[in-house]
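# Working through the structure, step by step
Below, each chain spelled out in residue letters.
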Amino acid sequence: MPRITVEVDGTTYTDEVQARTLLVQYLRDQLGKVGTVVGCDTSNCGACTVHMDGHSVKSCSVLAVQADGHEVTTVESLSRDGQPHPMQRAFHDNHALQCGFCTPGMIMQALDLLAENPDPDDEQIREGLEGNLCRCTGYQNIVRAVRDASQRMRAGAGPAMEHSGEAPAPRTSTEQTTQQRVAGGQS
């Protein structure tokens, strides 16, 4: 069985995993990170979105072995000292959730969006979240929450800010192509 070492939410784990284990299964079943939910298992809904090396990925389309040597951030790590992250607070304050099933993935994708574009308009927010589905809200309150969070996080936002206080480097075309391949099931 392959052995992987991955940093998840600031803690380094070394584990043996089956080669076919999905990252979402590893996070939930081996590490107990159940805030990352399994929605469709086909990378269509985005409920399982986490950050890998500061950018969002659908963890149901990434093998755990592909995360070897990488940093993974889940929704569980966002709050600090018992206080919700500004994005979480904005979702709460703007009633951007109903059943809550899509919320962890939606929040993680929204953070990635704000890292790339810290002041998006409503159309850019909708486009940035288009890979994440919500069957309850109609999206208007989600868009409002992301806009609100962008104001709350004006000093700096996004995945890298979760740990370091610095903005992540922009994606290179190679990273974007690799992410598209991973999302499409190719390696």
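Note that residues are indexed from 1 along each chain, following the sequence as it is written. Where totals are concerned, whole chains, interfaces and linings use all residues; where local detail is concerned, this predicted model gives features only for residues with pLDDT of at least 70, and gives and counts side-chain atom pairs only at 80 or more. With hydrogens and water stripped out, all remaining heavy atoms of the structure feed into the side-chain values.

### Comments concerning helix α2 (residues 86-93)
Rule in force here: For every residue, the accessible area (1.4 Å probe, protein chains only) is compared with the maximum for its type, and the residue is labelled buried under 20%, exposed over 50%, or partly exposed between those bounds. The helix count covers DSSP runs of H or I at least four residues long, the strand count covers runs of E at least two residues long, and both are numbered beginning at the N terminus. Think of the arc as the fan of directions from the helix axis to the C-beta atoms. The contact criterion used throughout is that any non-hydrogen atoms of two residues lie within 4.5 Å.
Of the residues making up α2, those classed as buried are Met87, Ala90 and Phe91. What you see down the axis of α2 is that its buried residues fit within an arc of 100°, all on one side. For α2, the secondary structure elements touched by its buried residues are α3 (103-116) and α5 (140-152). Of the residues one or two after α2, His95 is the one with positive phi, at around 55°.

### Some details on the packing of α3 against α5
Note the following rule: In this description, a line fitted to the C-alpha atoms serves as the axis of each element, helices being fitted only across the stretch in contact, and the angle between N-to-C directions of two axes falls anywhere from 0 to 180 degrees. Our angle categories are set so that under 35 degrees counts as roughly parallel, over 145 as roughly antiparallel, 65 to 115 as roughly perpendicular, and the remainder as oblique. The sense of a crossing depends on the near helix, which, turned anticlockwise from the far helix by less than a right angle, makes the crossing left-handed and, turned clockwise, makes it right-handed.
In the contact formed by α3 and α5, the axes pass within 11 Å of each other and the chain directions differ by 45°. Overall, the two elements α3 and α5 adopt an arrangement that is oblique. As for the relative orientation of α3 and α5, their crossing is right-handed in sense. When α3 is examined against α5, the residues Met106, Ala110, Leu113 and Leu114 are found in contact with a partner set consisting of Ile142, Val146, Ala149 and Ser150.

### Re the nonpolar core
The condition is simple: To qualify as a nonpolar core, a set must consist of buried Ala, Val, Leu, Ile, Met, Phe, Trp, Tyr and Cys residues joined through side-chain atoms within 4.5 Å.
Among the nonpolar cores identified, the biggest contains 23 residues, and Met87, Phe91, Met106, Leu111, Leu129, Ile142 and Val146 are the most heavily contacted of them. Counting 15 residues, the second largest nonpolar core, distinct from the first, contains Val6, Val8, Val50 and Met52.

### Concerning the pattern of salt bridges
Selection rule: In what follows, salt bridge is the name for a side-chain nitrogen of Lys or Arg lying within 4 Å of a carboxyl oxygen of Asp or Glu.
Counted under the stated rule, the structure contains six salt bridges. Taking the shortest distance from any N to any O, the salt bridge between Asp93 and Arg89 comes out at 3.4 Å. Highlighted residues: Asp93 and Arg89, both in helix α2, separated by four residues, approximately one helical turn. Overall, the relative accessible area of 32% leaves Arg89 in the partly exposed class. Between Arg154 and Asp119 there is a salt bridge, and its shortest N-O distance comes to 3.4 Å. Taken as a pair, Arg154 in the loop between α5 and α6 (173-183) and Asp119 in the loop between α3 and α4 (122-128) lie far apart in primary sequence, 35 residues in all.

### A few points about the environment of Ser79
Tracing the sequence through the fold places Ser79 in the loop between β5 (71-73) and α2. It is 9.7 Å that separates the C-alpha atoms of Ser79 and Arg89, two residues lying ten residues apart in sequence. Ignoring sequence-local partners within four residues, the contact set of Ser79 consists of Pro84, His85 and Gln88.

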